[in-house]
Amino acid sequence: MAERILVLLGTKKGVFIAESDAERRSWKLRGPFCEHWPMNHVVGDPETGTIYGGGGNEWFGPAVWKSDDFGESWTHSSAGLAYEAGVEPVKAVWSLHRHNGSLLAGVQPAGLFRSDDGGENWRHLEGLQKHPSRPEWTPGGAGLILHSLVVDPEDEDRIWIGISAAGVFHTQDGGKTWEPRNRGTRADFLPEGQNYPEFGQCVHNLVMAPGGSGRLYQQNHCGMYRSDDGGASWRSIEKGLPSTFGFPAATHPRDPDTVFLLPLNGDTAGRYVPDAKGAVWRSRDGGETWQDLRKGLPQKNAYFGVLRQAMATDRLDPAGVYFGTSSGALFVSADEGESWTAVAEHLPTVLSVETLVLDQ
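Report on the accompanying structure. In this text, all values refer to a predicted model and were calculated from it rather than measured experimentally.

Moving on: the overall build of the protein chain. Scanning the protein chain for helices and strands turns up zero helices and 28 strands. Rg of the C-alpha trace for the protein chain: 19 Å, near the compact-globule value of 21 Å for 360 residues, within the 12% margin. Taken along its principal axes, the extent of the C-alpha atoms in the protein chain is 50 × 50 × 35 Å. A sequence separation of at least 24 residues applies to 50% of the contacts in the protein chain between residues at least 6 apart. For the protein chain, the accessible surface area stands at approximately 14,600 Å², while carbon and sulfur atoms represent 47% of it. One way to put it: in the protein chain the 33 positive side-chain charges average out to a point 4 Å from where the 46 negative ones average out.

Structural data, given as structure tokens:
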């Protein structure tokens, strides 16, 4: 059976879709969709082909968009995407996760909502807002956002989230109760002696390795980390990388030891690729060693950044790797990062990249 792949791009001015066959050599780009809304995260349901996009801002308000025809037409809803009276209103949807018929949405200011009817209606999972640490959470540079949503594929009640700048939290009961899981991750911006708090770290991206081992990878404002116990403890794997700073991370679809990063040159140095030379860094041994992958990427005057949700892999063999840049380019590798091709340029700033592989 032939396979069709869609690369779903959330941008500052709507949704774009790049499409190819399993060879991933020739691409067609469609868009913009969703009336040029700022779209923070776009995901696809591999079982139905439905595409969902979460976005908005303080001017548009929050909403989740939906397409049942691969982007040809869209509807949207914000019903229930609101906190109770007296709480700072929801500004935007920042992350989405589709699993077993339900849809989760992480929002700004940080909170979690759930829909059981395909995004038409939403209910607030209040447990996170009621966590004792909530009054002490502080926003990161983009605000207090819940940007990373990781759900155990074997148990949908087990959820990990990343909040800037509150850290990683975990629930085992579907969001009723939560605990911080930040032991071993630094907060270099805090006073000396307070750099390993229970919460308050600025996590940038959180991803789960395949295979059900409980392994997680985390790109943080202050380093790159790996956990082998579901986030209960973390250890640094930044040795060999050009920087301790970056946003995106992506895991291999089958190999838990393979992870991809795109480091940036630092918090105060411009936040672009080190030495203005494009490179994706790959580890084949769980972060013990790293290799820079540059073939086909610009090696001079490359002053782009890549944001926290703007890198993804696909499930094909060999796995494809994708990233979108702040300058509106989409780069594709069909050979697990060995070589790269720019398949789109001059788009709006790319905020998220996800893949949807369809059998047809």
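Our next topic: the pattern of salt bridges. Applying the stated criterion across every chain yields a total of 25 salt bridges. Between Arg 294 and Asp 292 there is a salt bridge, and its shortest N-O distance comes to 2.6 Å. Assessed through its relative accessible area of 27%, Arg 294 is described here as partly exposed.

To summarise the sheet geometry, strands pair through backbone hydrogen bonds and adopt either a parallel or an antiparallel arrangement. Judged by pairing direction, the sheet is antiparallel, and its four strands sit side by side in the order β3-β2-β1-β28 without closing on themselves. Looking at the sheet topology across the chains shown, the edges are occupied by β3 (28–33) and β28 (350–359). Each adjacent strand pair in this sheet contributes to an overall mean axis angle of 20°, direction not counted. Taken together, the four bridges between strand β2 (residues 14–21) and β3 define a ladder with antiparallel strand orientation. Looking across to β3, one finds that Val 15 is bridged to Phe 33.

Within strand β10 (residues 111–115), five of the five residues are buried, which leaves the element mostly enclosed by the surrounding structure. Going residue by residue along β10, you find Gly 111, Phe 113 and Ser 115 tucked away on one face and Leu 112 and Arg 114 tucked away on the opposite face as well. Relative to β10, strand β9 (residues 102–108) runs antiparallel, the two sharing five bridges. Looking across to β10, one finds that Ala 105 is bridged to Phe 113. By the bridge criterion, two bridges tie β10 to strand β11 (residues 123–124) in an arrangement that is antiparallel. By the bridge assignment, Arg 114 is partnered in β11 with Arg 123.

Further remarks concern the sheet that holds strand β25 (residues 321–324). Strand order in the open sheet made by the four strands is β24-β25-β26-β27, with antiparallel pairing throughout. Each of the sheet's edge strands pairs with one partner strand only, and the pair in question is β24 (311–313) and β27 (341–344). Each strand axis lies, on average, 25° off the axis of its neighbour in the sheet, ignoring direction. Of the strand pairs in this sheet, β25 and strand β26 (residues 330–333) are connected by four bridges, and their pairing is antiparallel. Residue Val 321 lies in a different strand from β26, and its bridge partner there is Ser 333.

Rules used in this analysis
- Residues numbered from 1 in each chain as written.
- Predicted model: local features only at pLDDT ≥ 70, side-chain atom pairs only at ≥ 80, totals over all residues.
- Heavy atoms only, no water.
- Helix = DSSP H or I, 4+ residues; strand = E, 2+ residues; numbered from the N terminus.
- Rg over C-alpha atoms; globule rule 2.2 N^0.38 Å.
- Contact = heavy atoms within 4.5 Å.
- Areas by Shrake-Rupley, 256 points an atom, 1.4 Å probe, with all protein chains shown as cover.
- Lys, Arg positive; Asp, Glu negative; His and termini not counted.
- Charge placed at Lys NZ, Arg CZ, Asp CG, Glu CD.
- Salt bridge = Lys/Arg side-chain N within 4 Å of Asp/Glu carboxyl O.
- Buried < 20%, exposed > 50% of the residue type's maximum accessible area, 1.4 Å probe, protein only.
- Pairing = 2+ DSSP bridges.
- Axes fitted to C-alpha atoms, helices over the stretch in contact; angles between N-to-C directions.

Don't take any of this as a statement about function, it's just geometry.
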